[in-house]
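Now for the letters of each chain:
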Amino acid sequence: MSKKKCCILSAMMSATLALTGCQNTEKKEAEMLAHMYEKYGVELQVEGFAETIHNDSYDRWYCTVIGESNLDEKEQINVNRWRNREENKFSDDYYPVVIRAEVESRVNKKLEEILVEYKMYVKSTGSYVDNKYSSLEQYEEYLEEIGNDCADYVVKVILHDCGSEAANERLVQQVLIALGEAKVGNPYMNVYCMTEDKYEQITRENVSDVERGDYTYRYGGELDNGINR
């Protein structure tokens, strides 16, 4: 066989393999989207894709919910498809988004008892929740099962600076006590005190990007570590 024919054959085989790989990836993506719709009743759009090559390897899709036009409310949803598992092939971090409104409602109810103005957002930690949890109706069961383990969401509270570290610390402790009464389990907490200009800039979209120069006082830790119950 001539060198030219060998090159042509090699190119054709490479193209065939590439096409097969692309079709296989599309098939797995369609399977993932169908799984998420069946589990949560939501339609997702894929924003990115990655794959690993270690022993218990997986394909990962980075998704958002179709039709969510408010960028300030959007959450990235990570979905894994484990290649070497027959059961529980998929895992995702969407459940904290499902229960987010309920968590925020409980937290707001308590914070409104002690604060006139504040900002508060619940964000997913990106942890993968057991596949058996898919609805808001299971939230109490979820809290009971995780017990004192850190919940798979973080509660971020933004407060106005009180003018001194001691005053800020006292206010943050009041917030932690209120959150301990909100019946939202034991989430990780971020509580920030900020000057007026920094406070006004915070939204749900950028609250995870707060840096040291943005606040005058900060508490970070699990809720149970910051208060006495």
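About the cut-offs
Residues numbered from 1 in each chain as written. Predicted model: local features only at pLDDT ≥ 70, side-chain atom pairs only at ≥ 80, totals over all residues. Heavy atoms only, no water. Disulfide = S-S within 2.5 Å. Buried < 20%, exposed > 50% of the residue type's maximum accessible area, 1.4 Å probe, protein only. Helix = DSSP H or I, 4+ residues; strand = E, 2+ residues; numbered from the N terminus. Contact = heavy atoms within 4.5 Å. Polar contact = N/O pair within 3.5 Å; in protein donor to acceptor, adjacent residues only side chain to side chain. Phe/Tyr/Trp six-rings, centres within 6.5 Å; stacked < 30°, edge-to-face > 60°. Axes fitted to C-alpha atoms, helices over the stretch in contact; angles between N-to-C directions. Parallel < 35°, antiparallel > 145°, perpendicular 65-115°, else oblique.

**A look at the state of the cysteines**
Line of reasoning, step 1. Tallying each qualifying case throughout the model produces 0 disulfides.
Line of reasoning, step 2. The thiol sulfur of Cys162 is not disulfide-bonded, and the nearest other cysteine sulfur, from Cys193, lies at 5.5 Å.
Line of reasoning, step 3. Since its relative accessible area comes to 0%, Cys193 is described here as buried.

**Notes on the environment of Ser91**
Line of reasoning, step 1. One can find Ser91 in strand β4 (residues 90-92).
Line of reasoning, step 2. Taking the relative accessible area as the measure of exposure, Ser91 reaches 12% and is therefore buried.
Line of reasoning, step 3. Among all residues touching Ser91, those that are not within four sequence positions of it are Asn78, Val79, Asn80, Trp82, Tyr128 and Asn131.
Line of reasoning, step 4. Reaching out from Ser91, the side chain makes a polar contact with the side chain of Trp82 at a distance of 2.9 Å.

**Let's talk about the packing of aromatic side chains**
Line of reasoning, step 1. Applying the stated criterion to the full structure yields 8 aromatic pairs.
Line of reasoning, step 2. With a centroid separation of 4.8 Å and an interplanar angle of 80 degrees, the aromatic rings of Tyr40 and Tyr94 are classed as edge-to-face. Here Tyr40 is found in helix α1 (residues 3-40), whereas its partner Tyr94 is found in the loop between β4 and α2 (95-98), with 54 residues between them in sequence. Of the two residues, Tyr40 and Tyr94, both sit in the buried class.
Line of reasoning, step 3. Taken together, the ring pairs connect Tyr95, Tyr133, Tyr139 and Tyr142 into an aromatic cluster.

**Points about the packing of helix α3 (residues 100-111) against helix α4 (residues 139-146)**
Line of reasoning, step 1. Packing of α3 against α4 leaves a shortest axis separation of 11 Å and a crossing angle of 75 degrees. The angle between α3 and α4 falls in the class roughly perpendicular. Each of Glu102, Val103 and Arg106 in α3 lies in contact with α4, whose residues at this interface are Tyr139, Glu140 and Leu143.

Spatial relationships are all this shows, so hold off on functional conclusions.
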